[in-house]
Amino acid sequence: MASKYSGKEVIRAGEIFLSEESNASDDEMNRAMDILSYWRFSHEHPLERALDLLRKETLKKDKSAIFAKRLKRYPSIVAKLKRFQKMKLKNMQDIGGCRAIVSSQKKLYQIVRELRKRNEFKNGNDAIRYKDYIDNPKEDGYRGYHLIGAFEDGAGGSKSIEIQIRTTIQHDWATALEIVDLFTGQALKSNQGKEEWKHFFKLVSDHFSLMEGIHLFVSKTTEEQFSEYEGIINSNAKYAESGIEIQKYESRLKILKTLQAYAHSLKVADEHISAQKADGYVLLRVDTVKKQVESTIFPTSQNEMAEKKYVEYEKESANKSNLVVALVSTTAVGGIKEAYPNYFADSTDFIKYLLHILNAPFARKMTFIERWLKGTGL
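Rules used in this analysis
- Residues numbered from 1 in each chain as written.
- Predicted model: local features only at pLDDT ≥ 70, side-chain atom pairs only at ≥ 80, totals over all residues.
- Heavy atoms only, no water.
- Buried < 20%, exposed > 50% of the residue type's maximum accessible area, 1.4 Å probe, protein only.
- Helix = DSSP H or I, 4+ residues; strand = E, 2+ residues; numbered from the N terminus.
- Arc of directions from axis to C-beta.
- Contact = heavy atoms within 4.5 Å.
- Salt bridge = Lys/Arg side-chain N within 4 Å of Asp/Glu carboxyl O.

Draft legend 1. Highlighting helix α4 (residues 74-83). Every buried residue of α4 is listed here: Y74, I77, V78, K80 and L81. An end-on view of α4 places all buried positions within 165° of arc, on one side of the element. Those residues of α4 hidden inside the fold are in contact with α1 (7-18), α2 (26-41) and α11 (303-317).

Draft legend 2. Quick peek at the pattern of salt bridges. What the rule picks out here adds up to 25 salt bridges. Taking the shortest distance from any N to any O, the salt bridge between E44 and K69 comes out at 3.7 Å. Taken together, the residues E44 in helix α3 (residues 44-61) and K69 in strand β1 (residues 66-71) connect sequence positions 25 residues apart. With a closest N to O distance of 3.0 Å, E195 and K198 form a salt bridge. Residue E195 and its partner K198 are located together in helix α7 (residues 195-212), separated by three residues, close to a single helical turn. Looking at E195, the relative accessible area reads 56%, which means it is exposed. We classify K198 as buried; its relative accessible area is 19%. Bridged by salt links that share partners, the residues R12, E15 and K88 form one connected network.

Draft legend 3. Geometry of unusual backbone geometry. If you check the backbone angles, K254 has positive phi at about 55° while not being a glycine. Note on placement: K254 falls in the loop between α9 (237-253) and α10 (255-265). Positive phi values are uncommon outside glycine, yet A345 reaches one of about 55°. Among the secondary structure elements, A345 is positioned in the loop between α12 (336-339) and α13 (348-359).

Right, here's the structure in full:
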């Protein structure tokens, strides 16, 4: 980029974002956004190197994997700075991030084992920077495996890049949660928002994890999936109880109807986006009031122009909750819509697995369980 900013200026920009509701002037805010643009775009080269490594190791284990990369959105940056008040923008480790979506947890951990051997993920003490949210899910129910690596930035230094690896079921869950955030203005992804929605997604995550423990679950027919899932919950009072709660939340919140309404209402302005294969970025602009998705495609040679336009859109949407903008990779294997279904309100696969829970006859089982717990016998 033409101009460069010091580390102190990057830190100050982050502080400006946190003060925007009080005393930050328009000029200060515009300058802070320009600094963010510079700092974020400086992660593009190391992000590409991280994605190349992730793709190389993943395809050895899973030829059907889906890949995606992104530069962190302004609202997500501000939300994270607010959640972690001691964090500085300059030290945020996931400004650049890439992801692999794989078919099973077995393959996921095989890929993780190979990546953990790489020096990029080790600090000066040979400690690996990672978060295993599968063995230790986040409070909201999120599951996945994250690694933080240091990758050369092409300017004599390095930048931290976050790599995420999820299974398809874990990705389906995360997508549905992000869609609800997108259309309701909640922040469930940051463990904020309405308690009933938070609790619903937490319980569903537990049941999805149970399904994922079934051998080759994703590759089975719908009937086989339901039969094996039902067989497990038949003998587990814990899942029977939480299953009833999920069914009650769905009845009260009309979750199926709500998710389907989002998908049907959202008009994708550029249908050709599905077939886009050019190497570069696509700038997405989602208007949840007009129910529209617009896209602008930038080849690799126009990456700087893409970032400049991205910041223009972010400035416009900063105070408009109905506008969501994102700059995502056009090289996602499987297509942009498949890699980023949240921006197209596509919760098809989430609904498919949720229906297993909603169709399970928990109420009859709980009658017996409750009677036993009360000491009346079976």
